[in-house]
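Residue-level structure breakdown
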Amino acid sequence: LLKRIPSIADAVDRSSVTPSDYTVDVSVCPRFLGEANAPGHKDYKPKLKQHFLNILKNLSDGAVADADENAIQKITLVREFNGAVKSFMSEGTLRKYKDNAEELAKKHRELKNEKKAEKHEQQVKTLDEQIGEIQAARGEEARKNSLDRAVVRAFVTFNKIAYKEKVLNEYRFSTNRLFWLCQSAKLRFEGYRIVVKK
């Protein structure tokens, strides 16, 4: 069973085509290009695209003849949000509870049930306080533009599996710490060493 499951998984992987067959994972990349709010950082995607196009055009085993601007289908950047997304989700949940409590208070006021109405109004006040605490804790993080946030990872999707394989071949030593430290200037992105893997 321990040998059979991996072999079945491998067979299924070989028989199906998924986006991961066309995509490389840039797991180590510069968090910022220049300073945090520098204009160059907003151009992260086009610069990364141009970098990989240059890699395809200057392969160590010869350039890819048909590697044009369309050789790269999509670039997805993973950005650092420092818990802001979770904070917004928590706030949304509390807002739903608050809306529910407001409706219940209104309903009990109409039914002349003052005791229950006051109980729900107290819940609304408590929920307002909790929402305020979440917003205060989030602070500046909520106001940041996503283009100004640090990049922690990138996924580059090519139009052909062959392009992906050629790029992986160029970066085959990037996962080894010693070779990564000696990464050639041509493989570096904006002067930074990167790690590219499946």
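The structure under discussion appears in the preceding block.
Residues numbered from 1 in each chain as written. Predicted model: local features only at pLDDT ≥ 70, side-chain atom pairs only at ≥ 80, totals over all residues. Heavy atoms only, no water.

**Examining the packing of aromatic side chains**
Inspection of every chain in the model, using the stated rule, returns 4 aromatic pairs. With 6.3 Å between their ring centres and 80 degrees between their planes, Phe-52 and Phe-158 make a pair best called edge-to-face. Of the two residues, Phe-52 is situated in helix α3 (residues 44–57) and Phe-158 in strand β3 (residues 151–158); the sequence distance between them amounts to 106 residues. Judged by relative accessible area, which is 2%, Phe-158 ranks as buried. Relative to Tyr-171, the ring of Phe-52 has its centre 6.1 Å away and its plane inclined at 50 degrees; by these criteria the two rings are tilted. With Phe-52 in helix α3 and Tyr-171 in the loop between α7 (161–170) and α8 (177–181), this pair connects stretches of sequence that are 119 residues apart. Over the face of the ring belonging to Trp-180 we find Arg-193, whose NZ or CZ atom lies 5.5 Å from the ring centre. (Phe/Tyr/Trp six-rings, centres within 6.5 Å; stacked < 30°, edge-to-face > 60°. Helix = DSSP H or I, 4+ residues; strand = E, 2+ residues; numbered from the N terminus. Buried < 20%, exposed > 50% of the residue type's maximum accessible area, 1.4 Å probe, protein only. Lys NZ or Arg CZ within 6 Å of the ring centre and 35° of its normal.)

**Some details on the environment of Leu-94**
Tracing the chain through its elements places Leu-94 in helix α4 (residues 84–110). Judged by its relative accessible area of 14%, Leu-94 is buried. For the pair formed by Leu-94 and Thr-23, sequence separation is 71 residues and the distance between their alpha carbons is 39 Å. Filtering out sequence-adjacent residues up to four positions away, Leu-94 remains in contact with Leu-127, Gln-130, Ile-131 and Ile-134. (Contact = heavy atoms within 4.5 Å.)

**Remarks on unusual backbone geometry**
Despite not being glycine, Lys-112 shows a phi value in the positive range, around 65 degrees. Examined against the element boundaries, Lys-112 turns out to sit in the loop between α4 and α5 (114–138). In this model, Glu-190 sits at a positive phi of 55 degrees, which is unusual for a non-glycine residue.

**Some words on the sheet that holds β3**
As summarised here, the arrangement of the 4 strands in space is β2-β3-β1-β4, forming an open sheet in which the pairing is antiparallel. Sheet topology places β2 (72–79) and β4 (195–197) at the edges, where each strand pairs with a single neighbour. Along the sheet, successive strands turn relative to each other by an average axial angle of 20 degrees, direction set aside. When strand β1 (residues 23–28) meets β3, the two strands line up antiparallel, connected through 4 bridges. Residue pairing in the sheet places Thr-23 in a bridge with Thr-157 of β3. Seen against the sheet, α3 touches β1, β2, β3 and β4 and runs at an angle of roughly 130 degrees to β2. (Pairing = 2+ DSSP bridges. Axes fitted to C-alpha atoms, helices over the stretch in contact; angles between N-to-C directions.)

**A few points about the pattern of salt bridges**
A side chain with one charge can pair with a side chain of the opposite charge if their charged atoms come near. For the structure shown, the criterion picks out 6 salt bridges. Its salt-bridge partner being Asp-25, residue Arg-153 comes within 2.9 Å of it at the nearest N-O pair. Placement of Arg-153 in strand β3 and of Asp-25 in strand β1 is noted, with a sequence separation of 128 residues between them. For the salt bridge of Glu-170 with Lys-186, the shortest nitrogen-to-oxygen distance reads 3.4 Å. Pair noted here: Glu-170 is in helix α7 and Lys-186 is in the loop between α8 and β4, with a separation of 16 residues, a long-range link. The class of Lys-186 is partly exposed, set by a relative accessible area of 38%. Shared partners join several salt bridges into a network, and the residues in it are Arg-109, Glu-114 and Glu-121. (Salt bridge = Lys/Arg side-chain N within 4 Å of Asp/Glu carboxyl O.)

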